[in-house]
Amino acid sequence: MRAGILRHRVTLQTVTETRDADGGIVESWADTATLWAAIEPLRGREYFSAKALQAEVTTRIRLRYRAGVVPKQRVTWVDGSTTHT
């Protein structure tokens, strides 16, 4: 992978589940690593479902191999003044 395409700074986050005082499960996200990545928008669409506007954006995020990355994690990044999750 060419280093020149890795121009976005992203944060890899891992979810942790804890129980609150009432016994319910509370999810919180903790930063795992900050990495350089390539972000490529693939497509986006908006549609109406159940009388509510739904938006969907599909994005490909490429980064160098890192051991321990699993599908349960998420990626966040800042694009201008917008934070994406």
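Residues numbered from 1 in each chain as written. Predicted model: local features only at pLDDT ≥ 70, side-chain atom pairs only at ≥ 80, totals over all residues. Heavy atoms only, no water.

J.: Looking at this structure, how should I read the nonpolar core?
T.: Inside soluble globular proteins, nonpolar side chains tend to come together where they are buried. By size, the foremost hydrophobic cluster in this structure holds eight residues: Val10, Leu12, Ala33, Leu35, Ala37, Ile39, Val75 and Trp77. Sorting the residues of this core by element identifies strand S1 (8–19), strand S2 (25–49) and strand S4 (74–79) as the ones contributing at least two each. In contact with Trp77, not counting residues within four places along its chain, are Arg9, Val10, Ile39, Ile61, Thr82, Thr83 and His84. (Core = buried A, V, L, I, M, F, W, Y, C linked by side-chain atoms within 4.5 Å. Buried < 20%, exposed > 50% of the residue type's maximum accessible area, 1.4 Å probe, protein only. Helix = DSSP H or I, 4+ residues; strand = E, 2+ residues; numbered from the N terminus. Contact = heavy atoms within 4.5 Å.)

J.: Just to check I follow, could you spell out the side chain of Thr76 for this structure?
T.: Among the secondary structure elements, Thr76 is positioned in strand S4. For Thr76, a relative accessible area of 11% translates into the label buried. Ignoring anything within four residues of it in the chain, the contact list for Thr76 reads Val10, Thr11, Gln13, His84 and Thr85.

J.: What should I look at first to understand the confidence of the model for the protein in this one?
T.: Keep in mind that low pLDDT regions are not for reading the predicted coordinates in detail. Averaged over every residue, the pLDDT of the protein is 83; the share at 70 or more is 81%. The secondary-structure element of the protein with the lowest mean pLDDT is strand S5 (residues 82–84), recorded at 71, while S1 shows the highest, at 92. (pLDDT = per-residue confidence, 0-100.)

J.: I keep staring at the environment of Gln73 and nothing clicks. Help me out?
T.: Turning to its location among the elements, Gln73 is positioned in the loop between strand S3 (52–63) and S4. Exposure remark for Gln73: the relative accessible area of 15% places this residue in the buried category. The spacing of Gln73 and Thr14 is 59 residues in sequence and 4.8 Å in space, taken between C-alpha atoms. When residues no more than four places from it in sequence are discounted, the contact partners of Gln73 are Leu12, Gln13, Thr14, Trp29, Thr32 and Gly68. Among the polar contacts listed, one links the side chain of Gln73 to the side chain of Thr14, at a separation of 3.0 Å. Separated by 3.1 Å, the side chain of Gln73 and the backbone nitrogen of Val70 make a polar contact. (Polar contact = N/O pair within 3.5 Å; in protein donor to acceptor, adjacent residues only side chain to side chain.)

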